[in-house]
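Analysis of the macromolecular model
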Amino acid sequence: MMNTTQTTTAVDTPSKPVMEIGDIFKILPHRYPFLLIDRVIELERKKRIVALKNVTFNEPYFQGHFPDKPIMPGVLIVEAIAQAGGALLLTEVPNRDELLMVFTGIERARFRRPVVPGDQLRIVVEVLAWRMTAARLEGKAYVEDKVAAEAVVTCRLVPRAMDATNAGSREET
């Protein structure tokens, strides 16, 4: 069972994760190669989450981005921010198996430094606004103590059983 009250103070070596990968699988619908968080080390209900992503050379996107200088695509870092936010928000949703959390907006995305194989992203997401069906989140992705990327994302819950006319251009977070 998830411990949603634990917080850690050590950035690099938390004593015990709040969510291991199996717990994340129970919350998020994403799977390889699109699950972009490996562990949750802090979670303050409805307020804040800190997740980790270990960036390895085996990631499929490094084959083409870029073959001679692998850099994690910025859009995937923003996706990792959204997934961490989804892990935070979906812990509060009892019928999450019937719903998907989808992007409704990305604002103020900034990319400060490249993320390369061997880096560990520490993704910090804070809730700016919360309703049971929608949220606005501010996320920052750090490598060591330096901000690599940041963005404000908005998202909402939609039924998983959407028909093609309702799906439109919505993207799963």
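First things first, this report covers the structure right here in the doc.

Reading guide: rules and limits
- Residues numbered from 1 in each chain as written.
- Predicted model: local features only at pLDDT ≥ 70, side-chain atom pairs only at ≥ 80, totals over all residues.
- Heavy atoms only, no water.
- Helix = DSSP H or I, 4+ residues; strand = E, 2+ residues; numbered from the N terminus.
- Buried < 20%, exposed > 50% of the residue type's maximum accessible area, 1.4 Å probe, protein only.
- Contact = heavy atoms within 4.5 Å.
- Areas by Shrake-Rupley, 256 points an atom, 1.4 Å probe, with all protein chains shown as cover.
- 1 Å grid on protein atoms, 1.4 Å probe; cavity = no way out; pocket = protein on both sides within 12 Å on 5 of 7 lines; lining within 4 Å.
- Points joined across faces, edges and corners; volume = space filled by probe spheres on them.
- Core = buried A, V, L, I, M, F, W, Y, C linked by side-chain atoms within 4.5 Å.

Things to note about the overall build of the chain
- Across its full length, the chain holds three helices and seven strands.
- Reading the chain from its N terminus to its C terminus gives the helix and strand order α-β-β-α-β-β-β-β-α-β.
- Within the span of the chain, comprising 173 residues, buried residues form 47% of the whole.
- Restricting to contacts in the chain with at least 6 residues of sequence separation, those with at least 24 account for 63%.
- As displayed, the chain offers around 9,300 Å² of accessible surface, 51% of which is attributable to carbon and sulfur atoms.

Examining the layout of surface pockets
- Estimates place the volume of the largest pocket at around 180 Å³.
- Around the largest pocket, the lining residues are Ile 21, Tyr 32, Pro 33, Leu 35, Ile 37, Asp 38, Lys 53, Asn 54, Thr 56 and Glu 59.

Structural notes on the nonpolar core
- Within the largest apolar cluster, 46 residues are counted, with the highest numbers of intra-cluster contacts made by Ile 37, Met 72, Leu 121 and Ile 123.
- Of all the secondary-structure elements, those providing two or more residues to this core are α1 (21–27), β1 (39–44), β2 (48–54), α2 (74–90), β3 (99–111), β4 (120–131), β5 (134–143) and β6 (146–159).
- With 11 residues, α2 is the single largest residue contributor to this core.
- Setting aside its immediate chain neighbours within four residues, Leu 121 contacts Ala 51, Leu 52, Lys 53, Val 55, Met 72, Ile 77, Val 115, Ala 141, Tyr 142 and Val 143.

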